[in-house]
Amino acid sequence: MPADPRSETGVRVDRIACSAHGVCHALDPQRVPLDEWGYPIPSEIITDAEAATALIRLCPAAALSRSASR
């Protein structure tokens, strides 16, 4: 069953704070592809609210935050 678009949220990636641990990719590999150095490619990840909370909470570099636009 597809996710309800109203439950989707944006997660912003702070590229300067990111340390390329790859935890975000491990949690959601389809929405968070990595470049050849291990950094997330999108500057904003669109996902459901529960996944967004997990991504933000588990980022070891605290490089993820909720997007203001969502």
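Owing to the predicted nature of the structure, the values given are computational and were not obtained by experimental measurement.

Turning our eyes to something else, we now look at the nonpolar core. Listed in full, the eleven residues of the largest apolar core are Val-11, Val-13, Cys-18, Cys-24, Val-32, Ile-45, Ala-52, Leu-55, Cys-59, Ala-63 and Leu-64. At the level of elements, strand S1 (8-13) and helix H2 (49-58) are the ones that each hand at least two residues to this core. In contact with Ala-63, not counting residues within four places along its chain, are Arg-12, Val-13, Asp-14, Ala-17 and Cys-18.

Of the pairings in the sheet, the one linking S1 to strand S2 (residues 44-48) comprises five bridges and is antiparallel in character. By the bridge assignment for S2, Arg-12 is matched with Glu-44. Sheet topology places S1 next to strand S3 (residues 64-66); three bridges connect them, and they run antiparallel. Directly across from Val-11, in S3, lies its bridge partner Arg-66.

Let's shift gears to H2. Given 3.6 residues per turn, any residue in an α-helix points the same way as the ones three and four places further on. Taken residue by residue, H2 has Ala-51, Ala-52 and Leu-55 as its buried positions. The buried side chains of H2 occupy one side of the element, clustering within an arc of 100 degrees when seen end-on. Seen from the buried face of H2, the exposed residues on the opposite side, beyond 90 degrees, are Glu-50 and Arg-57. Taken together, the buried residues of H2 touch S1, helix H1 (23-27), S2 and S3. Measuring from the side-chain oxygen of the N-cap residue of H2 to the backbone nitrogen of Glu-50 gives 3.1 Å; that N-cap residue is Asp-48.

Turning next to the confidence of the model for the protein. Summary statistics for the protein give a mean pLDDT of 88 and a share of 89% for residues scoring 70 or more. The secondary-structure element of the protein with the lowest mean pLDDT is S2, recorded at 90, while S3 shows the highest, at 95.

The rules we used
Per chain, residues are indexed from 1 in the order of the written sequence. In keeping with the model being predicted, local features are shown solely for residues with a pLDDT of at least 70 and side-chain atom pairs are shown and tallied solely at 80 or more, while totals for entire chains, interfaces and linings include all residues. Computation of side-chain values covers all heavy atoms of the structure but excludes hydrogens and water. Side-chain atoms within 4.5 Å are what join buried Ala, Val, Leu, Ile, Met, Phe, Trp, Tyr and Cys residues into a set we call a nonpolar core. The classification of residues rests on relative accessible area computed with a 1.4 Å probe and restricted to protein chains. Under 20% of the type maximum is buried, over 50% is exposed, and intermediate values are partly exposed. To qualify as a helix, a DSSP run of H or I must reach at least 4 residues; to qualify as a strand, a run of E must reach at least 2; elements of each kind are numbered from the N terminus. In this analysis, two residues are considered to be in contact whenever any of their non-hydrogen atoms come within 4.5 Å of each other. Two strands qualify as a pair provided DSSP detects at least 2 bridges between them. The arc refers to the directions leading from the helix axis to the C-beta atoms. Here a polar contact means two N or O atoms within 3.5 Å. Within protein one must be a hydrogen donor candidate and the other an acceptor candidate, and residues neighboring in sequence count only if both atoms are side-chain atoms. Within a predicted model, pLDDT stands for the predictor's per-residue confidence, ranging from 0 to 100.

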